[in-house]
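A structural walkthrough
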Amino acid sequence: RKEVEQDPGPFNVPEGATVAFNCTYSNSASQSFFWYRQDCRKEPKLLMSVYSSGNEDGRFTAQLNRASQYISLLIRDSKLSDSATYLCVVNRDDKIIFGKGTRLHILP
Amino acid sequence: ETGVTQTPRHLVMGMTNKKSLKCEQHLGHNAMYWYKQSAKKPLELMFVYNFKEQTENNSVPSRFSPECPNSSHLFLHLHTLQPEDSALYLCASSQDRRLAREQFFGPGTRLTVL
C-alpha cells in the first residue's frame, strides 16, 4: 500500500460547482499535512497547511481526520483558474511524502 | 532576484556526459531539497540539506551527486545517467528542516537523457 494515496483523476467539473479531494495516509505517526497546487508545467506551490481542527481560506476548506487517517480539501464555487493538479503532502519524522496528485479541470 | 531559481531550465545529455544542475534561493532559508518528478509518479525526495549538512539521501544512485557550498546554493552533479533518469528535477527550500515548514519550489530543470 502506498504511504499517501489520492483520488485518481482527472476531475472534470463545471464552473461554480463544489469539488472535494480526498487523501489517505498509511502511517499513523504522520505529523503534519499540506495541500500543494501544481499548475501545468509549473512548480508546486503551497495551497494550505492542514490543521487538526480544520481550517478555511476563502473558498478552500481543509480537514484532517487522524482516526481514519485521511485529509480532505473542499473547493467551493470553483473558478476556471482552479484548474491544476492538487498534491497531498504528509510529513513524519524526517520524511516528506507527496501523493501522485489529482488533476482538476474546471469546465466553462 | 527573488524566490528559488534553477538553471538550466532544460537539459539534454548523453549517457556518457557530465553535467550539473544549479539551484539558488534568495529567501534566507536554511534547508534545501532536490526532488525528482517523473510522469505519472509522485514527487520523489532525493536529498535534503539543513544548514549546509546533508541530512537525507533517499537511496539515490551514486550517478547523482549533490553539493551544497553554502545555504543559498545547491548543485546536483550528474554523470553516466540512464534514459530512465529523464524527468523534471525540482529544487526547494524552507526556513529550516522542521516538519511544519512551507517549501518553496524552483521552476525545475527538465532533463532528457538520450
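Residues numbered from 1 in each chain as written. Chains lettered and ligands numbered in written order. Predicted model: local features only at pLDDT ≥ 70, side-chain atom pairs only at ≥ 80, totals over all residues. Heavy atoms only, no water.

1. Examining the overall build of chain B
Counting secondary structure elements, chain B contains zero helices and 11 strands. Relative to its length of 114 residues, chain B is compact, with a C-alpha radius of gyration of 13 Å against a globular reference of 13 Å. Seen through its principal axes, chain B has C-alpha atoms that stretch 35 × 30 × 30 Å. Scored against the burial criterion, the 114 residues of chain B give a buried share of 49%. (Helix = DSSP H or I, 4+ residues; strand = E, 2+ residues; numbered from the N terminus. Rg over C-alpha atoms; globule rule 2.2 N^0.38 Å. Buried < 20%, exposed > 50% of the residue type's maximum accessible area, 1.4 Å probe, protein only.)

2. With respect to the sheet that holds strand β8 (residues 70-75) of chain A
Residues and elements named next belong to chain A. Strand order across the open sheet formed by five strands is β1-β3-β8-β7-β6, with antiparallel pairing between neighbours. On the outer flanks of this sheet lie β1 (4-6) and β6 (55-57), each paired with one strand and no other. Between one strand axis and the next, the sheet turns through 15 degrees on average, direction left out of account. In the sheet, strand β7 (residues 60-65) pairs with β8 via six bridges, with the strands oriented antiparallel. Looking across to β8, one finds that Gln63 is bridged to Ser72. (Pairing = 2+ DSSP bridges. Axes fitted to C-alpha atoms, helices over the stretch in contact; angles between N-to-C directions.)

3. Looking at the pairing of strand β3 (residues 18-25) of chain B
Residues in a regular strand project their side chains so that they alternate between the two faces of the sheet. Residue and element names in this part refer to chain B. Pairing analysis gives four bridges linking strand β1 (residues 4-7) to β3, with the strands arranged antiparallel. When the bridges of β3 are listed, Thr5 appears paired with Glu24. As judged from the seven bridges shared by β3 and strand β8 (residues 73-79), these two strands associate in the antiparallel manner. Bridging across to β8, Leu21 finds its partner in Leu76.

4. Points about the side chain of Arg37(A)
All names here are of chain A. Examined against the element boundaries, Arg37 turns out to sit in strand β4 (residues 32-38). Within polar-contact distance, the side chain of Arg37 engages the backbone oxygen of Ser81 at 2.5 Å. Those residues in contact with Arg37 that sit more than four places away from it in its chain are Glu43, Pro44, Lys45, Leu47, Ser81, Asp82, Ser83, Ala84, Thr85 and Tyr86. (Polar contact = N/O pair within 3.5 Å; in protein donor to acceptor, adjacent residues only side chain to side chain. Contact = heavy atoms within 4.5 Å.)

5. Side note on the state of the cysteines
Working definition: the covalent bond between the sulfur atoms of two cysteines is a disulfide. According to the stated counting rule, one finds two disulfides over all chains in the structure shown. Between the sulfur of Cys23(A) and that of Cys88(A) lies a disulfide, 2.0 Å long from S to S. On the S-S bond that ties Cys23(A) to Cys88(A), the torsion sits near -75 degrees, and the link is left-handed. With Cys23(A) in strand β3 (residues 19-25) and Cys88(A) in strand β9 (residues 84-92), this residue pair connects regions lying 65 residues apart in the sequence. Side by side, Cys23(A) and Cys88(A) carry an identical accessibility label, which is buried. The disulfide that involves Cys23(B) links it to Cys91(B), with 1.9 Å between the sulfurs. Taking the torsion about the S-S bond as the criterion, the Cys23(B) to Cys91(B) disulfide, at about -75 degrees, is left-handed. With a gap of 68 residues between them, Cys23(B) in strand β3 and Cys91(B) in strand β9 (residues 87-94) connect regions that are remote in the sequence. Residue Cys23(B) is classed as buried on the basis of its relative accessible area, which comes to 0%. Among the residues examined, Cys91(B) registers a relative accessible area of 0% and is labelled buried. (Disulfide = S-S within 2.5 Å.)

6. Thoughts on the environment of Met13(B)
Residues and elements named next belong to chain B. Here Met13 is to be found in strand β2 (residues 10-13). Owing to a relative accessible area of 1%, Met13 belongs among the buried residues under this scheme. Linking Met13 and Pro107, residues 94 residues apart in sequence, is a C-alpha distance of 19 Å. The contacts of Met13, once residues within four sequence positions are left out, are Lys18, Lys19, Leu78, Leu81, Leu111, Thr112, Val113 and Leu114.

7. Here we look at the interface of chain A and chain B
At the interface, 19 residues of chain A touch 21 residues of chain B. A combined buried area of about 1600 Å² lies between chain A and chain B, and 56% of that area is made up of carbon and sulfur atoms. In this assembly, chain A and chain B are joined by zero salt bridges. Viewed at the interface, chain B and chain A are joined by two residue pairs in polar contact (both at pLDDT 80 or more). The set of elements that each furnish at least two residues to the side of chain A that touches chain B consists of β4, β5 (44-50), β9 and β10 (95-98) of chain A. With four residues, the top contributor of residues to the side of chain A that touches chain B is β4(A). Looking at side-chain class alone, the side of chain A that touches chain B contains seven nonpolar, five polar and seven charged residues. (Buried area = accessible area lost by both parts, 1.4 Å probe. Salt bridge = Lys/Arg side-chain N within 4 Å of Asp/Glu carboxyl O. Nonpolar A, V, L, I, M, F, W, Y, C, P; charged D, E, K, R; others polar.)

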